Amino acid sequence: MSRNSGARMFFNDSNFDEDEMFLIMVVMKEEQQSNARHGSIPERRFIDRGPIEGHNKLINDYFGESPVYPPRLFRRRFRMNCSLFLRIHSALIEYDPYFV
């Protein structure tokens, strides 16, 4: 049952005159339209930041053949040694192929 059909049933059971019923229906319709959401957050626009390219750049910057950042910066950023990270990564790959 839609919202309007429920309102019509209410109005049919009540003692409203035609003008009051019309006014209430207009107010309900305006309220329904004002509450309608378009997207996850109103008035926010989507910015494509390229997550795949960012991931590839991060991997190349830290694990490429000629890394951009030295190991001390890896430890500072991720709070672990690069070797520990690679051991965890290897264990996850062995445990579940999802992490490949």
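Up top is the structure these notes are about.
Calculation rules
- Residues numbered from 1 in each chain as written.
- Predicted model: local features only at pLDDT ≥ 70, side-chain atom pairs only at ≥ 80, totals over all residues.
- Heavy atoms only, no water.
- Helix = DSSP H or I, 4+ residues; strand = E, 2+ residues; numbered from the N terminus.
- Buried < 20%, exposed > 50% of the residue type's maximum accessible area, 1.4 Å probe, protein only.
- Contact = heavy atoms within 4.5 Å.
- Areas by Shrake-Rupley, 256 points an atom, 1.4 Å probe, with all protein chains shown as cover.
- Phe/Tyr/Trp six-rings, centres within 6.5 Å; stacked < 30°, edge-to-face > 60°.
- Axes fitted to C-alpha atoms, helices over the stretch in contact; angles between N-to-C directions.
- Parallel < 35°, antiparallel > 145°, perpendicular 65-115°, else oblique.
- Nonpolar A, V, L, I, M, F, W, Y, C, P; charged D, E, K, R; others polar.

K.L.:
Which parts of the structure should I look at to understand the overall build of the chain?
P.N.:
The helix and strand tally for the chain stands at five helices and zero strands. Counting from the amino terminus, the chain carries its helices and strands in the arrangement α-α-α-α-α. Sorting the 100 residues of the chain into buried and exposed places 6% on the buried side. For the chain, the share of sequence-separated contacts (at least 6 apart) that also reach a separation of at least 24 residues comes to 8%. Of the roughly 9,500 Å² that the chain leaves accessible, carbon and sulfur atoms contribute 55%.

K.L.:
Got a minute to help me understand the side chain of Asp-61 in this structure?
P.N.:
Secondary-structure assignment places Asp-61 in helix H3 (residues 51–63). Of the residues examined, Asp-61 reaches a relative accessible area of 12% and is grouped as buried. Contacts of Asp-61, omitting those with residues within four sequence positions, involve Pro-67, Val-68 and Tyr-69.

K.L.:
Just to check I follow, could you spell out the packing of aromatic side chains for this structure?
P.N.:
Geometrically, a pair of aromatic rings is defined through the distance of the ring centres and the angle of the planes. Tallied over the full model, the rule gives seven aromatic pairs. For the pair Phe-63 and Phe-74, a centre-to-centre distance of 5.6 Å together with 70 degrees between the ring planes defines the contact as edge-to-face. Highlighted residues: Phe-63 in helix H3 and Phe-74 in helix H4 (residues 71–78), separated in sequence by 11 residues. Classification of Phe-74 as buried rests on a relative accessible area of 3%. By the ring-pair criterion, three or more aromatic residues cluster together here, those being Tyr-62, Phe-63, Tyr-69, Phe-74, Phe-78 and Phe-85.

K.L.:
Please explain the packing of H3 against H4 as it appears in this structure.
P.N.:
Each pair of packed helices gets described by two things: the angle between the helix axes and the distance between those axes. At their nearest, the axes of H3 and H4 sit 10 Å apart, and the two run at 130 degrees to each other. Relative to H4, H3 is oriented oblique. Contacts from Leu-58, Tyr-62 and Phe-63 in H3 reach Leu-73, Phe-74, Arg-77 and Phe-78 in H4. Its residues placed into classes, the contact of H3 with H4 shows six nonpolar, no polar and one charged.

Function cannot be inferred from these measures alone, as they are strictly geometric.
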